[in-house]
Amino acid sequence: MASIIFAFYGVLFLGYLFATLFIVFHFSRYSLSKTGASAIITLFLVTTGALLLANVSLFLAIPWNTVFASVFNTSL
Amino acid sequence: MSNYESCHFKGQRDDEVIIHIIHRHWFNILVQFFGVAVALLALLLGMATVQTLAAQGNIIIDPTLAYFLGNTILIFVWFFGFFIWIDYWFDVWIITNQRIVNIEQKALFVREISELHLDKVQDVTSEITGLIPSILNYGDVVVQTAGEQDYFRFRRIPDPNGIKDAIMRLIQARTPQGDLAPTDTIKAVFRKP
């Protein structure tokens with residue numbers, strides 16, 4: 001069960017990375033002003049990095065055994 | 001008006017100078033960001049409710065799981081906000097000393113670029129329809145052309161009447177032979193109130 005949850009989370013995380021690359025690609029390639037693009041890419045990467053770091057930390061901190069035991073009345 | 005010397009677009013010619021860059025009016029993006037604001041508010045209320053219940057000893061969900069879900073929703077909202085911003089910021093009309101370039105971000109992976117040479121322009125009209133556009137002064141500018149693409153529409157741009165007049169002045173600034181006036185003259189003509 002734990003491996004399934006980790007696999008799902010892996011897919012979700014790949015989605016985050018793909019969306020990040022897509023946004024950075026657009027701003028770096030299509031921006032009319034390179035200065036503005038650098039500023040917005042920096043802001044985006046710093047905030048996204050912090051959010052993703054928090055997301056991974058929280059995911060790893062979840063007591064999945066307890067959560068599943070309470071939901072399904074069983075353990076992993 | 002801003003100086004666009006630091007700006008450059010793909011396909012810009014060596015002797016081409018950007019006179020003006022037009023984005024859609026800010027009210028368009030405000031309407032779209034309203035959904036983002038509602039989602040953030042709902043998220044904050046949800047997290048506050050979970051915290052209150054946990055403080056009272058009524059744990060309905062593991063707090064770490066609640067924070068994880070909240071953080072995940074926040075990431076989705078963050079990305080969604082940027083997708084809205086991309087759709088807004090990369091929908092752009094560029095007026096140069098030679099042509100008008102329309103770059104339209106139609107969907108996430110669909111980008112359309114069309115151009116119109118100033119010597120093909122036959123007529124320019126502006127349209128402001130509705131209460132909010134009238135109050136905030138935004139609307140469409142339609143440029144009629146003699147080319148294959150028979151009209152060109154700037155959608156929901158700020159000050160459509162001013163832009164229409166500026167384009168007309170730009171066209172009239174061309175010499176009778178259709179040659180381009182010097183760039184400084186064109187810039188001055190475009191910015192004339």
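Here, the structure is the one placed above.
What counts, and at which threshold
Residues numbered from 1 in each chain as written. Chains lettered and ligands numbered in written order. Predicted model: local features only at pLDDT ≥ 70, side-chain atom pairs only at ≥ 80, totals over all residues. Heavy atoms only, no water. Helix = DSSP H or I, 4+ residues; strand = E, 2+ residues; numbered from the N terminus. Pairing = 2+ DSSP bridges. Axes fitted to C-alpha atoms, helices over the stretch in contact; angles between N-to-C directions. Contact = heavy atoms within 4.5 Å. Buried area = accessible area lost by both parts, 1.4 Å probe. Polar contact = N/O pair within 3.5 Å; in protein donor to acceptor, adjacent residues only side chain to side chain.

Undergrad: Mind showing me how you'd approach unusual backbone geometry here?
TA: Note on backbone geometry: most residues besides glycine have negative phi, and most peptide bonds are trans. Residue and element names in this part refer to chain B. Within the chain, Asn137 stands out as a residue other than glycine whose phi angle is a positive 60°. A positive phi angle is found at Arg156, which is not glycine, with a value near 50°. With respect to the secondary-structure elements, Arg156 resides in strand E7 (residues 151-158).

Undergrad: Help me understand the sheet that holds strand E4 (residues 110-117) of chain B, please; the structure alone is not making it clear to me.
TA: In sheet architecture, strand pairing relies on hydrogen bonds along the backbone and comes in two forms, parallel and antiparallel. All names here are of chain B. Spatial strand order, E1-E2-E3-E4: four strands in an open sheet with antiparallel pairing. The open sheet has two edge strands, strand E1 (18-23) and E4, and neither has a second partner. The mean inter-strand angle of the sheet, taken between neighbouring strand axes irrespective of direction, is 15°. Sheet contacts for helix H4 (residues 160-172): E1, strand E2 (92-96) and strand E3 (99-107); angle to E2, the most-contacted strand, approximately 30°.

Undergrad: Mind showing me how you'd approach the interface of chain A and chain B here?
TA: Accessible area lost when the parts come together is the quantity often used to give the size of an interface. Taken together, the contact between chain A and chain B spans 31 residues of the former and 30 residues of the latter. Buried area between chain A and chain B, summed over both chains or domains, comes out near 2,700 Å², and the portion from carbon and sulfur atoms is 80%. In terms of surface lost to chain B, no three residues of chain A exceed Phe22, Leu32 and Leu51 of chain A, which account for 25% of the buried area on that side. The tally of links between chain A and chain B comes to five residue pairs in polar contact (both at pLDDT 80 or more).

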